[in-house]
Amino acid sequence: MREEDSPTAAPTTSAELPDDENLWLEDISGEQQIAWVKNQNAETLDRFHDDLFDTISGELRTALDSDDRIPMVTKRGDHFFNFWRDRTNPKGLWRRTTWESYRTDAPDWDVLLDLDELAAQEDTAWVWSGAMVRRSDNRRALVLLSPDGGDSHRVREFDLDDRTFVDGGFDIPAAKTRLAWLDDDTVLVATETDADSLTTSSYPRQARALRRGQSLDEAPIVAEVPRDHVAIFVGSDIRPDTAATDRAVIIDAIDFFNSTMSFVDLADITGADGTLSVEPTTWADALNRVDVPTDVEVGFDRDLVLFRPQSTWQSTTTEVAAGGLAIAEIDAVKAGEITPRVIFTPDARTSLQSFTFTRDYLVLELLADVQSTLTVLDLNNDFAESTLPGVPANHMVGLGAVDKYDPATANDFWMVSTGFLTPSTLSYGTLGPSDEAAGTDSEKSTAEVIKSAPAMFDADGLSVEQHFATSADGTAIPYFQIGSDDLVLDGDNPTLLDGYGGFEVSRTPGYSPVVGIGWLSRSTTGDTIPTGRRGVYVLANIRGGGEYGPEWHTAAMRENRMRCYEDHSAVARDLIARGVTSPKRLACAGGSNGGLLVGNMLTQYPELFGAVSCGVPLLDMARYTKLSAGYSWKAEYGDPDVAEDWAFIRHFSPYHLLEDGRDYPPVLFWTATSDDRVGPVQARKMAARMQAQGIENVWFFEDTEGGHSAASDNEQTAFTRALSYRFMWNALTGE
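Just so it is clear, the structure is predicted and the values come from calculations on it, not from any experiment.

**Some details on the packing of helix H1 (residues 31–48) against helix H13 (residues 681–692)**
Okay, so step 1: Contact pair H1 / H13: the axes reach a minimum separation of 12 Å and the direction vectors enclose 70°. In terms of axis orientation, H1 runs roughly perpendicular to H13. Where H1 crosses over H13, the two elements pack in a sense that is left-handed. Of the residues in H13, those touching H1 at Gln-33, Ile-34, Trp-36, Val-37 and Gln-40 are Arg-684, Ala-687, Ala-688 and Gln-691.

**Thoughts on the nonpolar core**
Okay, so step 1: Formed by 109 residues in total, the largest nonpolar core has its most connected members in Phe-669 and Met-690.
Okay, so step 2: Ranked by the residues each element gives to this core, the list is headed by helix H14 (residues 714–733), at 8 residues.
Okay, so step 3: Beyond its immediate stretch of four places on either side in the chain, Met-690 contacts Leu-602, Leu-658, Tyr-664, Val-667, Phe-669, Ile-695 and Val-698.
Okay, so step 4: Leu-182, Ala-190, Ile-250 and Val-264 belong to the second-largest nonpolar core, a separate cluster that totals 20 residues.

**Considerations on the pattern of salt bridges**
Okay, so step 1: Within this structure, the stated rule accounts for 56 salt bridges.
Okay, so step 2: Across the salt bridge formed by Arg-239 and Asp-237, the nearest N and O atoms sit 2.8 Å from each other. Residues Arg-239 and Asp-237 agree in their burial class; the two are buried.
Okay, so step 3: As a salt-bridge pair, Lys-334 and Asp-268 come within 3.9 Å of each other at their nearest N and O atoms. You can see Lys-334 sitting in helix H6 (residues 330–334) and its partner Asp-268 sitting in the loop between strand S16 (259–265) and helix H5 (280–286), a full 66 residues away along the chain.
Okay, so step 4: When its relative accessible area of 46% is taken as the criterion, Asp-268 is described as partly exposed.
Okay, so step 5: Linked through salt bridges whose partners overlap, the residues forming this network are Arg-96, Asp-110, Arg-139, Arg-140, Glu-157, Asp-159, Asp-161, Asp-162, Arg-163, Asp-185 and Arg-212.

**Section: the packing of aromatic side chains**
Each pair of aromatic rings is reported with the distance of its centres and the angle of its planes.
Okay, so step 1: By the definition in use, this model includes 35 aromatic pairs.
Okay, so step 2: When the centroid spacing of 6.4 Å and the interplanar angle of 5° are considered together, the rings of Phe-80 and Tyr-102 count as stacked. Placement of the pair is Phe-80 in strand S2 (residues 79–84) and Tyr-102 in helix H3 (residues 99–102), with a sequence separation of 22 residues. Of the two residues examined, Phe-80 and Tyr-102, each falls in the buried class.
Okay, so step 3: Ring geometry for Phe-170 against Trp-181: centres 6.0 Å apart, planes inclined by 80°, an arrangement best described as edge-to-face. With a gap of 11 residues between them, Phe-170 in the loop between strand S8 (164–165) and strand S9 (171–175) and Trp-181 in strand S10 (residues 178–183) connect regions that are remote in the sequence.

**Considering the sheet that holds S16**
Strand pairing in a sheet relies on backbone hydrogen bonds. The paired strands run either parallel or antiparallel.
Okay, so step 1: Within the open sheet, the 4 strands sit side by side as S14-S15-S16-S17. Their pairing is antiparallel. Two strands close off the open sheet at either side, each with one partner strand: strand S14 (231–237) and strand S17 (288–289).
Okay, so step 2: When S14 meets strand S15 (residues 247–253), the two strands line up antiparallel, connected through 7 bridges. Paired with Gly-235 across the strands is Val-249, a residue of S15.

The rules behind these values
Residues numbered from 1 in each chain as written. Predicted model: local features only at pLDDT ≥ 70, side-chain atom pairs only at ≥ 80, totals over all residues. Heavy atoms only, no water. Axes fitted to C-alpha atoms, helices over the stretch in contact; angles between N-to-C directions. Helix = DSSP H or I, 4+ residues; strand = E, 2+ residues; numbered from the N terminus. Parallel < 35°, antiparallel > 145°, perpendicular 65-115°, else oblique. Left-handed = near helix turned anticlockwise from the far one by under 90°. Contact = heavy atoms within 4.5 Å. Core = buried A, V, L, I, M, F, W, Y, C linked by side-chain atoms within 4.5 Å. Buried < 20%, exposed > 50% of the residue type's maximum accessible area, 1.4 Å probe, protein only. Salt bridge = Lys/Arg side-chain N within 4 Å of Asp/Glu carboxyl O. Phe/Tyr/Trp six-rings, centres within 6.5 Å; stacked < 30°, edge-to-face > 60°. Pairing = 2+ DSSP bridges.

Put into structure tokens, the structure is as follows:
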């Protein structure tokens, strides 16, 4: 649907929402509320903080802090940058090295910024949020630091040679800021300046062109979006010493799945003296809107424009399937003559997950029944197609360009391969022409392993299987099962079912020391289950995710939301029917939208589970749009203030599905005070309501830092995850 074709008024009926006895818990930092949190925390830790908890937490911390982890890097200029946390540096080090040093087993790191030292100096618990290095000289960077681990961050300009923040440089107060370099002395910034600068979803809605030395209030607004849209996002493609045109990009995010993209060629707003204009009228005259339906995702690479529609797009000349990929020349787009050329069309089993450009190639990362493949398209040979070798079954392989604007690395790539039981490897390679006559790839397209992570848990005797369950409407739902080679199918194996099912997020194979140590390495002692039964881990690829492309996602949106819960319960039933586990031995865990998922398992399918671990969750779907950033998710779930929407939302609002007298499995709700995305209050209220109804084994824990991940450093990550695993293991095994 195009923006101009969308309804101009909301439905006139409003929903009559149920009373809420726990509204008082929505005051996140109130004295009475924090006292309630502290009391809940004390009771939960008194119950579960034992020797086994300390063992799990300690082993997790050791793995997360291990010096043997692969230090992933980003190339800027002649240096390779990395951010690193370990036991000595829990908040982390921003550092860099050379290529020659990086290839060694013990690189010589040049530390640019020590966050632990900075936090001590400034008495602020800074959490790293990233950095943007200026491309013109690779000397300055915009460093993003969160004061509490939430989504808001302060932006400060940093000199990489002097290793200091720039006196009088760019310094933007903590907010949900997005920004991009335009030139050495100008940034395009979307941030909070006053109440009018934010959308209802709490994200910036205005973009300003900020010159060095200006205050934010002095910087002119060059673009803005309506208050009821999700946000305005900004970016740039600035490539000095190349023939590519420098551009600024502005995205009007209407909702999570509809947006419009516009761009400005910086040459069109640059004066004869080389000065970049920041006048709003000049920007407005130079702004080019990409005129496609709002559910078509638009991307740029040099002078190519890419289109990935969420639903089938019938352009004036071509049909592009949902989840397909098409391209057009940017000059044609500027002229309003978009004639897309399709370069990828999905089928029922295969979806496009992402794509990466080198100078001369476009690499498509595909999933076929959640199995990873890499397809290479030759930009100089009419998009001739070849397959990058070396992708094993039940593994995930990701690829990224090293630096396509450096002639020495123009077609070089990083490749990361990982599996549930296979530690990650980092390879480096160079793409070259395929040998079309032989139907094989050239030797240049092979990759050399340069870093390998060690095993962090004992995987001997474990194997990975893929199965398919049948959902209520007959849809086949894939899932991965990781367990013992000689798994006894008697229903007595402690099993953890994981999933997400939302926002087109794909859950794919990956090596997780947290899962391996916290669950797969655990084995029973024989008190209630035969001795030596190891934990079984299951990952479900339910609808709402992106494993089969956008239509897999849209199949479980809004009024069809129940499908993802039917899918997850179908996997649970399949595990039980196959004898892998039984309801009393089956736990489910999830966070954020996954917390909503397991909240619905708790309230709709309690008979299938012996434990539920529910992290940083949505649970109160009557008020989620009024809490933290919840308004931005109306496109996914619906608007509870509209009667027609509440009529279906109420069926998947766990807070309103609790029934007196019904049996529920033990549940742990865990969250963080500083989570400014979902917020802690929905977990608080759910726990309070269940406890008030006299439901037994309802536990709650709220960390005071960590944001939406409920962990701002490795110690917190180890602690909160250990709590979850300790709770579930005890509930399923009695140990």
